[in-house]
Amino acid sequence: MSAMSSGPNRRRVGILVFDGVKMLDFAGPAEVFMEANQAIHGYEVVLLSPDGREVQTSIGARVAVSGAATDAGRFDTVVIPGSELPASVFVTPEVLAATRHLSARTRRLVSICSGTAVLAELGLLDGRRVTTHWKFAPDLARRYPAVEVDADAIFVRDGNLYSSAGVAAGVDLALALVEEDYGADVARRTAQLLVVYMQRAGGQSQFSASLAGPVPRSPLVRRVVDLICADPAFPHTVQTLAAHAQVSVRHLTRLFRSELERSPAEYVACIRFGVARDLLHAGSTVTEAAVASGFGSSEALRRAFIARLGISPLKYQKRFRTTGSASWADEPTPEVAAVS
């Protein structure tokens, strides 16, 4: 990840690291950009620190850098990662000064996880929509009321500001940036080399549907939940689920209501809805999402969306297309304004 000599068409990516930085927050995106170089020699990745000295990461490893942020010149992209430390600890005057300097010298500015706290403290997020790791979102929204915090999205673009949820979501966002820069084929090749998904859609929930509510307490309910989640499109009924668990329908229903606060049928519907929603975010048609998630028909999925969200799946998909990489190429990308 060391700096490389710049070519005429290479994009410089500056990543600010600091003591306590979460290792995967910066290493994940950096590896995406470097892996993309196997397909196109398109990126120069430069690690920077506020003072040019090496830093100690969240796992205790010490990381050398190319130099100080103030001596690094201009960048196509600047990445500000986060930390598991409280913002009051890692958002130091030195980190703020380095970020202020870099933000005035880049085309696009990216935050990973709690790195949003750095940008928010500088006022760069006022009036903007951003995301962050769900556990940091409430505090970010409380401390910076001028920032529109989406606590559920994996990554978000608002103009030339990009933000992602924690850790693995930084990889998703970096792949989206590669696609924006060099196209879907290069991004797909990069994902294949890294053995990761092409990318989850930006508007996809940070939680899978199975993680959104209470968790099973008993092994029996866990077995049934695992069966449902493994194949949501299967025509599950309370009778087939009870037979799988080798209990009566009445007993299974009682356990589900006690542990998951819903009936087996309601749980199946919830899982299917979550799958369908994520498929729509990923670009599937309404019919494709309906069949793959187990709704069977676009009309059944339409009724489910209207009942849960008050809009049709097609309108939902159009509303959230702006959080996916496919729509980014048509948007202007002015430079981030300097912060005084």
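Heads up: the structure comes first, above all this text.
Residues numbered from 1 in each chain as written. Predicted model: local features only at pLDDT ≥ 70, side-chain atom pairs only at ≥ 80, totals over all residues. Heavy atoms only, no water.

**Quick word on the packing of helix α9 (residues 238-245) against helix α10 (residues 249-260)**
Two elements in contact, α9 and α10, have axes separated by 9 Å at closest approach and are oriented at 95 degrees. With respect to α10, the axis of α9 lies roughly perpendicular. Contacts between α9 and α10 involve Val238, Gln239, Leu241 and Ala242 from the former and Val249, Leu252 and Thr253 from the latter. Across the contact of α9 with α10, the residue classes break down as five nonpolar, two polar and no charged. (Axes fitted to C-alpha atoms, helices over the stretch in contact; angles between N-to-C directions. Helix = DSSP H or I, 4+ residues; strand = E, 2+ residues; numbered from the N terminus. Parallel < 35°, antiparallel > 145°, perpendicular 65-115°, else oblique. Contact = heavy atoms within 4.5 Å. Nonpolar A, V, L, I, M, F, W, Y, C, P; charged D, E, K, R; others polar.)

**Some details on the nonpolar core**
With 65 residues, the main nonpolar core has Ile15, Phe26, Phe33 and Val178 as its most contacted residues. It is helix α6 (residues 168-182) that provides the largest number of residues to this core, a total of eight residues. Membership of the second largest hydrophobic core comes to 15 residues, among which are Val225, Ala242, Leu255 and Ile271. (Core = buried A, V, L, I, M, F, W, Y, C linked by side-chain atoms within 4.5 Å. Buried < 20%, exposed > 50% of the residue type's maximum accessible area, 1.4 Å probe, protein only.)

**Focus: the environment of Thr253**
When you line up the elements, Thr253 lands in helix α10. Assessed through its relative accessible area of 21%, Thr253 is described here as partly exposed.

**Remarks on the sheet that holds strand β5 (residues 67-68)**
One open sheet accounts for seven strands, arranged β5-β2-β1-β6-β7-β11-β10; its pairing is mixed. Where the open sheet ends on each side, the last strands, each with one partner, are β5 and β10 (155-158). Pairing of strand β7 (residues 106-112) with strand β11 (residues 161-164) involves four bridges; the strand directions are parallel. Its bridge partner lying in β11, Val110 is registered against Tyr162. Along the sheet face, α6 touches β1 (11-16), β2 (43-49), β7, β10 and β11 and points at about 160 degrees away from the line of β7. (Pairing = 2+ DSSP bridges.)

**A look at the pairing of β7**
Burial analysis of β7 places seven of its seven residues in the buried class, the great majority of the element. Sheet topology note: the strand β6 (residues 75-80)/β7 ladder contains five bridges and is parallel. What sits directly across from Phe75, in β7, is Thr106.

**A few points about the packing of helix α11 (residues 264-281) against helix α12 (residues 286-293)**
In helix packing, the relevant descriptors are the interaxial angle and the interaxial distance, both defined with respect to the helix axes. Closest axis-to-axis distance for the α11/α12 pair is 9 Å, and the angle between their directions is 145 degrees. Here α11 and α12 pass one another in a crossing that is right-handed. Across the interface between the two elements, Arg272, Val275, Ala276, Leu279 and Leu280 of α11 pack against Val286, Ala289, Ala292 and Ser293 of α12. Class assignment of the residues belonging to the contact of α11 with α12 gives a composition of seven nonpolar, one polar and one charged. (Left-handed = near helix turned anticlockwise from the far one by under 90°.)

**Some thoughts on the packing of aromatic side chains**
In this structure the tally under the stated criterion is six aromatic pairs. For the pair Tyr43 and Tyr182, a centre-to-centre distance of 5.4 Å together with 90 degrees between the ring planes defines the contact as edge-to-face. Taken together, the residues Tyr43 in strand β2 and Tyr182 in helix α6 connect sequence positions 139 residues apart. Judged by relative accessible area, Tyr43 falls into the buried class, the value being 0%. Take Tyr182: its relative accessible area is 26%, and that puts it in the partly exposed class. Both rings, one in Phe273 and one in Phe305, keep their centres 4.6 Å apart while their planes meet at 45 degrees; by these two values the pair is tilted. In this pair, Phe273 sits in helix α11 while Phe305 sits in helix α13 (residues 298-309), placing the two residues 32 residues apart along the sequence. Comparing Phe273 with Phe305, the two get one shared label, buried. Among the aromatic residues, those joined into a cluster by ring pairs are Phe33, Tyr43 and Tyr182. Between Arg108 and the ring centre of Tyr162, over which it is positioned, the NZ or CZ distance is 6.0 Å. (Phe/Tyr/Trp six-rings, centres within 6.5 Å; stacked < 30°, edge-to-face > 60°. Lys NZ or Arg CZ within 6 Å of the ring centre and 35° of its normal.)

**With respect to the pairing of β10**
Where a strand is regular, its side chains alternate between the two sheet faces. Looking at chain direction, β10 and β11 are connected through four bridges and run antiparallel. Note that in β11 the partner of Arg157 across the bridge is Tyr162. The loop that links β10 with its antiparallel partner β11 comprises two residues; one of these, Gly159, has a positive phi angle of about 65 degrees.

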